[in-house]
Amino acid sequence: MAELSRRNFGKAAGLVAAPALLAGCASGGSGTSRTARAAAAARTWGVTGKALAGLGGFDATLKSFMQARAIPCGQLAVVRKGKLVLSRGYTYAEDGAFKTQPTSPFRIASISKPVTATAVLRLVQDGKLKLTDRAATLLGLSTTADPRLKDVTVLRLLQHLGGWDSGISPDPMFRDAAIAKELGVALPVSQANIMKYASARALDHAPGTQYAYSNYGYLLLGRIIEKVTGKKYEDYVRQTVLAPRGITRMRLGKSRTKATGEVPYYSTYTGATVFDNSGTKVPFPDGAFNLENMDAHGGWLATAMDLTRFAGVYDGGTSVLTSASVSRAFAKPETGVNADGWYYGCGWQVRPVTGGRNTWHNGSLAGTYTLLVRRYDGLSWAVLFDQRQEGAAASYGDIDSLLHKAANAVTTWPTGDLTSTYF
């Protein structure tokens, strides 16, 4: 397991600095390194998509960032006060390689969590679920191994206060082989297998007492959505959260097959496939973890502009969530407010600032690094890459501060709107 840290949100924007945060769905593994196909070839720079006048600083930022890290595929969307002002695909690869479009789907890793949280909040809003409902009761989880599991509520799952801590006990979402061995089942393991395995272990903390980022907690939220609605998780999210925003490209990804137009993924790691018992070594993004099992915490595919369009739910004025539900998403948790002022709300990291609040989420898997930002001044952006920092490579978290700098350097924002071009 490798964990990827990033500089906290807003540092370059002149906001209060904070300590590093863990990335979303962190995964990794020791293995023989492979050379990305483009590393040994002459690369060229290409840009697709549209941007309104005066926003060249964003293109320049992505160019220098991707070239310094030899990232083949990148994508950026920028929204100002509800208007899409930039939607770009960037490619830094040899001639003939995949050419990134603004419509190319990327794995978004843990940016899946605010999507799941939105679906949960909608169920609460509709009176079909309560934040005080208990996960073990809803899902029939055994509490024999640790009676404290009875105290894990929907709200505590949303805020990472359920009591699982991957800094103490390994994240069960990346323990496929161990789970299969313990349960006496063949790979691939199912979500039900993971839940049985995790429920047979003691929690690392009493629920509600300590913030600890938990992919597994969001897997449970996905199953709660299915239990309450009687629908597949993906179907409910697409119908209730995405369709009202005109978002049709987003869908769940697959480990070993690609959606139409989906980008390739690069990693220096290999690992044993988790889809059979052969022990076959595969590139880490291509079957050394089970993306299908990660649906509610890290499984979605999206474009950058889909994510900024989704983020607009939290600007208010949509049919997805009421203002009361939005406020609930950003409310302080019962514990876990950092000394520097940021905290994890319901699916979003939150920092109150003068003039409002900044909210954001990032994501990280082998072959993926993503960041979605909502700023207090009406700016939002999403940036997606098809590889992440590994080993001694330069930090990918630096894109956070660099995009704040690019935004702050815009002296006159354009008044047009590209939304109708893509939605």
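## Section: the overall build of the protein
Along the backbone of the protein there are 13 helices and 15 strands. Taken over C-alpha atoms, the radius of gyration comes to 20 Å for the protein, in line with the 22 Å a tight globule of 423 residues would show. Principal-axis analysis of the C-alpha atoms places the extent of the protein at approximately 60 × 50 × 40 Å. Looking at the 423 residues of the protein, the share that counts as buried comes to 58%. Taking the contacts inside the protein whose residues are at least 6 apart along the sequence as the reference set, 71% of them involve residues at least 24 apart. Averaging the locations of the 48 positively and 31 negatively charged side chains of the protein gives two centres separated by 4 Å.

## Side note on the pairing of strand β13 (residues 356-365)
With eight of 10 residues buried, β13 lies mostly within the body of the structure. For strand β12 (residues 349-353) and β13, the ladder comprises five bridges, and the chain directions are antiparallel. Pairing of Arg351 across the sheet is with Asn358, part of β13. A loop of two residues connects β12 with β13, the two strands running antiparallel in sequence, and Gly355 in this loop sits at a positive phi of about 100°. The pairing of β13 with strand β14 (residues 368-374) spans seven bridges and is antiparallel.

## Describing the environment of Ala77
Relative to the assigned elements, Ala77 resides in strand β4 (residues 73-80). With 295 residues separating them in the primary sequence, Ala77 and Leu372 have C-alpha atoms 9.6 Å apart. For Ala77, the contacting residues outside a window of four places in its chain are Leu84, Leu86, Ser87, Ala304, Met305, Thr308, Ser380, Trp381 and Ala382.

## Here we look at the packing of aromatic side chains
Applying the stated rule across the entire model yields 20 aromatic pairs. Residues Tyr369 and Tyr396 carry aromatic rings whose centres are separated by 6.0 Å and whose planes lie at 75° to one another, so their mutual orientation is edge-to-face. Taken together, the residues Tyr369 in strand β14 and Tyr396 in the loop between β15 (379-385) and α12 (398-408) connect sequence positions 27 residues apart. Overall, the relative accessible area of 1% leaves Tyr369 in the buried class. The exposure class of Tyr396 is buried, given its relative accessible area of 2%. Each member of the aromatic cluster is reached from another via a ring pair, and the members are Phe65, Tyr369, Phe385 and Tyr396. The residue whose ring lies beneath Lys113 is Tyr218, and the NZ or CZ to ring-centre distance is 6.0 Å. Here Arg256 stacks its cationic end above the ring of Phe275, 4.1 Å away from the centre of that ring.

What counts and what doesn't
Residue indices begin from 1 for each chain and proceed along its sequence in written order. Whole-chain, interface and lining totals are the exception, using all residues; otherwise, since this is a predicted model, local features are given only for residues with pLDDT of at least 70 and side-chain atom pairs are given and counted only at 80 or more. The side-chain values count all of the structure's non-hydrogen atoms but skip hydrogen atoms and water molecules. Under the DSSP-based scheme used, a helix requires at least four consecutive residues in state H or I and a strand at least two consecutive residues in state E, with every element numbered from the N terminus. Put simply, the radius of gyration uses C-alpha atoms, and a globule should come to 2.2 Å times the residue count raised to 0.38. Accessibility here uses a 1.4 Å probe with only protein chains present; expressed as a share of the type maximum, an area under 20% marks a residue as buried, one over 50% as exposed, and anything in between as partly exposed. Whether two residues are in contact is decided by their heavy atoms, any of which lying within 4.5 Å being enough. Only four residue types enter the charge count, namely Lys and Arg as positive and Asp and Glu as negative; His and the chain termini do not. Note on charges: their place is set at NZ of Lys, CZ of Arg, CG of Asp or CD of Glu. Pairing between strands is defined by DSSP: at least two bridges between them are needed. Pairs were defined over the aromatic rings of Phe, Tyr and Trp, the Trp ring being its six-membered one, requiring ring centres within 6.5 Å. Orientation was assigned from the angle between planes: stacked under 30 degrees, edge-to-face over 60, tilted for the rest. Charge-over-ring placement is defined geometrically: NZ (Lys) or CZ (Arg) within 6 Å of the ring centre, and within 35 degrees of the ring normal.

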